[in-house]
Amino acid sequence: MKLTKRSKSIGGIIGIAVGAILAAYGIQGFIVYSGLSGGGVGGIALLLYYSFNLPIGIVTFILNVPLFVLGWKEVDKQFVFKTIWGLAIFSIFLDLFNGVQPFDFNDIFLGALYGGVISGVSSAIVFRFGGSLGGTDIVSKVIQRKYGVPMGTSALAINGVIILISWAVLGPKAALYTLVMLFVYGRVLDLIESGVPAKSITIISDRSEELVARIMVDLGRGATFLHGRGAYSCEPKDIVICVVSLPEIGRLKRAVREIDPQAFIIIQNAGEVFGSGFISNE
């Protein structure tokens, strides 16, 4: 049964709030606890907190006001409204979680690692429901729409300037571990945004029909025939195209070897896959 538009809207509001609260907890519990900075507006707010003890949440919200203007002009209005909602929840809980300590760890690397993972997961949750937490998220969203650059990649590039400032304010150790945290954040965000990791498989074989039948039975995957012609033999060939998940690659290769040891196989990364057996595009 499909959800109504009202139910989806309520679910989106709740989902953005959950992601924002999780992000605030990750920042206070791991990043601030480890004395690390961050990227973009959040990084500036953290540096102001370390230097002048200004409340992170309030400063984060104030610094995002100019970016709302950019988002209003370049991104759809619904995205801006959801971003304001997410940022408001995020800012409130940033200050509410001040001093929180999930567990006693004395390792800055763990702070960078877990801080990056939680930040990436929480941002992905917010993005999944059509919002953001402001800062470079808005800028990254604009860049993604205009140029198709993944949000995690563009955010990592934008944050380079903040890392240099962190180096001067917090010292090289904190700045370098902040870079580790941002890298983990970007990788986790890109991984979740891209959906289930998958591979695009191209198979050139004289026994393509047998291969497709085996793929459909053993792996439960569909396939597509492309008509081709051998450059040397000039004989027509059916080229098989299919997409499988990472755990299925071994089974696919075994099936091809058993049916046609002479088959030519090309395995490529599939950045995003939508459709039956993979993530939904709705």
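Description of the structure in this document.

Conventions and cut-offs
Residues numbered from 1 in each chain as written. Predicted model: local features only at pLDDT ≥ 70, side-chain atom pairs only at ≥ 80, totals over all residues. Heavy atoms only, no water. Helix = DSSP H or I, 4+ residues; strand = E, 2+ residues; numbered from the N terminus. Contact = heavy atoms within 4.5 Å. Phe/Tyr/Trp six-rings, centres within 6.5 Å; stacked < 30°, edge-to-face > 60°. Buried < 20%, exposed > 50% of the residue type's maximum accessible area, 1.4 Å probe, protein only. Axes fitted to C-alpha atoms, helices over the stretch in contact; angles between N-to-C directions. Parallel < 35°, antiparallel > 145°, perpendicular 65-115°, else oblique. Pairing = 2+ DSSP bridges.

## A closer look at the environment of Val 100
Reasoning step 1: In this fold, Val 100 is placed in the loop between α4 (77-96) and α5 (108-128).
Reasoning step 2: Setting aside anything within four residues of it in sequence, one finds Val 100 in contact with Tyr 25, Gln 28 and Gly 29.

## So, the packing of aromatic side chains
Reasoning step 1: What the rule picks out here adds up to 9 aromatic pairs.
Reasoning step 2: Where Phe 93 meets Phe 97, the ring centres are 5.6 Å apart and the plane angle is 50°; that geometry is what we call tilted.
Reasoning step 3: Since its relative accessible area comes to 23%, Phe 93 is described here as partly exposed.
Reasoning step 4: Summarising the aromatic geometry, the rings of Phe 103 and Phe 105 are spaced 5.1 Å apart at their centres and angled 55° between planes, so their arrangement reads as tilted.
Reasoning step 5: Residue Phe 103 is classed as partly exposed on the basis of its relative accessible area of 39%.
Reasoning step 6: Using a relative accessible area of 7% as the deciding quantity, one classes Phe 105 as buried.

## Quick notes on the packing of helix α2 (residues 40-52) against helix α8 (residues 160-170)
Reasoning step 1: In the contact formed by α2 and α8, the axes pass within 10 Å of each other and the chain directions differ by 10°. By the angle between their directions, the pair α2 and α8 is classed as roughly parallel. Contact residues: Gly 40, Gly 43, Ile 44, Leu 47, Tyr 50 and Ser 51 in α2; Ile 162, Ile 165, Ser 166, Val 169 and Leu 170 in α8.

## Concerning the sheet that holds strand β4 (residues 264-270)
Reasoning step 1: Pairing is antiparallel across the open sheet formed by 4 strands, whose spatial order is β2-β3-β1-β4. Each of the sheet's edge strands pairs with one partner strand only, and the pair in question is β2 (224-229) and β4. Along the sheet, successive strands turn relative to each other by an average axial angle of 25°, direction set aside.
Reasoning step 2: Sheet analysis places strand β1 (residues 198-204) next to strand β3 (residues 236-245), joined by 7 bridges and oriented antiparallel. When the bridges of β3 are listed, Lys 199 appears paired with Val 244.
Reasoning step 3: Lying over the sheet, helix α10 (residues 208-219) contacts β1, β2 and β3, oriented at roughly 15° with respect to β3.

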